[in-house]
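Read off the chains here:
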Amino acid sequence: DLTNNTENNIVGKADAMQDVFKAIGKISKTDITVLIRGESGTGKELIAQSVHANSPRCDKPFVAINVAAIPHELLESELFGHEKGSFTGAQAQRIGRFEQALGGTLFLDEIGDMHPELQTRLLRVLSSHEFYRVGGQNPIKSNVRIIAATHQDLPEMVSRGEFREDLFHRLNVIPIKVPPIRERRADIPDFCLHFAAKYTKDSEVGFSPESLSILARYDWPGNVREIANLVKGLACFHRVNR
C-alpha cells in the first residue's frame, strides 16, 4: 500500500496526493525516466525512493546526488568518475555516481541547476546509454534508471534558454507533481504525529487535538521539512528541560 509506505516515510491520505500514489504504482514496474516537480521540502526524494523500492531494480543501488550542492566544475567527475591523471589532482581512478548506480536507479536532485555543458553530456548519455569517465577511452554501459527532480519551473527555464529543451523532454517522459503541504492540509496532523514518533523515544511529547488543528491551518512554506524541523526542535527542547 503506497499510501502507507512506512519504509519510505511517505505520509499522504489527502486527495491531492492520490494522483502521486497512482503514478508511482503505474511507473514503478517500468524503466521510464521520471521527472518529479515540487516545492522545496515536499519529499521528492522519498517519492523517488518509493519508485525504486517498488521496481524490478529494488535489489540494486539507489544513488542520489544533489546537483545544486556540487560546483559545476566538479560535477562531471562526480557523475561519471575519472581516470588517474585525467586532470590536476586526479591521483587515482574514481568511480562516479552513474557507475555506482549500475543496475539500479540514479536520482538527480535539483536538475534545474545543472550547468549547460553537463546538460549536453547528460543528454548524450540518455540517448546512447553509455558514458565515459573523465579522461577515459572506453565506453561504459549506463544500465541505470534516471529519476530527476526540481523545484524550478523547467518549461519557463527552457523558454529563457536556461535549460535544454531536448533534455527536458527526455526527462519529462512521466512527470510527477508533488503538491505543497498547504494543498494537503489533511496530512499535517499525520506528519506531526509521524515525526513525534520518529524523534522521541517516549510518549511524553505529543500534540493535543487543539494544537493539531492550529498547525493544520498554517501554510508551512518549508513544507514537510519545516514540520520535521519543528517537531525535532520540540523534542530536543523537551529532553533538555524535563
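Sequence positions are assigned chain by chain, starting from 1 and proceeding in written order. Predicted model: local features are reported for residues with pLDDT of at least 70 only, side-chain atom pairs are reported and counted for 80 or more only, and whole-chain, interface and lining totals are derived from all residues. The basis for every side-chain value is the complete set of non-hydrogen atoms in the structure, without hydrogens or water.

> Before we move on, can you summarise the side chain of Ser-77 with the specific residues and values?
In this structure, Ser-77 sits in helix H3 (residues 72-80). Not counting chain neighbours up to four residues away, the residues in contact with Ser-77 comprise His-82, Phe-87, Arg-94, Gly-96 and Val-134. Here a helix means four or more residues in a row that DSSP labels H or I, a strand means two or more in a row labelled E, and each is numbered from the N terminus. Contacts are assigned to residue pairs that have any heavy atoms within 4.5 Å of one another.

> Could you give an account of the layout of surface pockets, with specific residues and numbers?
For the largest pocket, the calculated volume is near 450 Å³. Only protein atoms enter the 1 Å grid used here. Points where a 1.4 Å probe fits but cannot escape make up a cavity, open sets with protein on both sides within 12 Å along at least five of seven lines make up a pocket, and a residue lines them when an atom lies within 4 Å of a point. Every residue lining the largest pocket is counted, 19 residues in all, and those nearest its centre are Gly-41, Gly-43, Leu-46, Val-224 and Arg-225. Contributing elements (two or more residues each) for the lining of the largest pocket: helix H2 (44-53), helix H8 (188-199) and helix H10 (223-241). Looking at which element gives the most residues to the lining of the largest pocket, the answer is H10, with 5 residues. Grid points are joined across faces, edges and corners, and a volume is the space filled by probe spheres set on the points. Roughly 190 Å³ of internal volume is contained in the second largest pocket. Those elements that place two or more of their residues in the lining of the second largest pocket are helix H5 (116-128) and strand S6 (145-150). Residue polarity is assigned by list, with Asp, Glu, Lys and Arg as charged and Ala, Val, Leu, Ile, Met, Phe, Trp, Tyr, Cys and Pro as nonpolar; anything else, Gly included, falls into the polar class. Of the residues assigned to the lining of the second largest pocket, the class counts are 6 nonpolar, 4 polar and 4 charged.

> How would you summarise the environment of Val-158 if you had to cite specific residues and measurements?
By the secondary structure assignment, Val-158 is in helix H6 (residues 154-159). Relative accessible area decides the class of each residue, using a 1.4 Å probe on protein chains only: under 20% of the type maximum gives buried, over 50% gives exposed, and in between gives partly exposed. The exposure class of Val-158 is buried, given its relative accessible area of 19%. Each C-alpha atom of the pair Val-158 and Phe-168 lies 7.9 Å from the other, and the pair is 10 residues apart in sequence. Not counting chain neighbours up to four residues away, the residues in contact with Val-158 comprise Phe-163, Arg-164, Glu-165 and Phe-168.

> So what's going on with the confidence of the model for the protein? Residues and values would help.
Each residue carries a pLDDT score, the predictor's own confidence in it, on a scale running from 0 to 100. Scored by pLDDT, the protein has a mean of 88; 92% of the residues are at 70 or more. Across residues 1-7, confidence stays below pLDDT 50; counting only partners more than four residues off in sequence or on other chains, it has 13 contacts.

> Help me get a handle on unusual backbone geometry, residues and values and all.
What is expected of a backbone is that most residues other than glycine have negative phi and most peptide bonds are trans. One non-glycine residue with positive phi stands out, namely Glu-110, at about 55 degrees. Inspection of the secondary structure assignment puts Glu-110 in the loop between strand S3 (105-109) and H5. Its identity as a non-glycine residue notwithstanding, Trp-220 has a phi of 50 degrees, on the positive side. Within the secondary structure layout, Trp-220 lies in the loop between helix H9 (209-216) and H10. The class for Trp-220 is buried, based on a relative accessible area of 2%.

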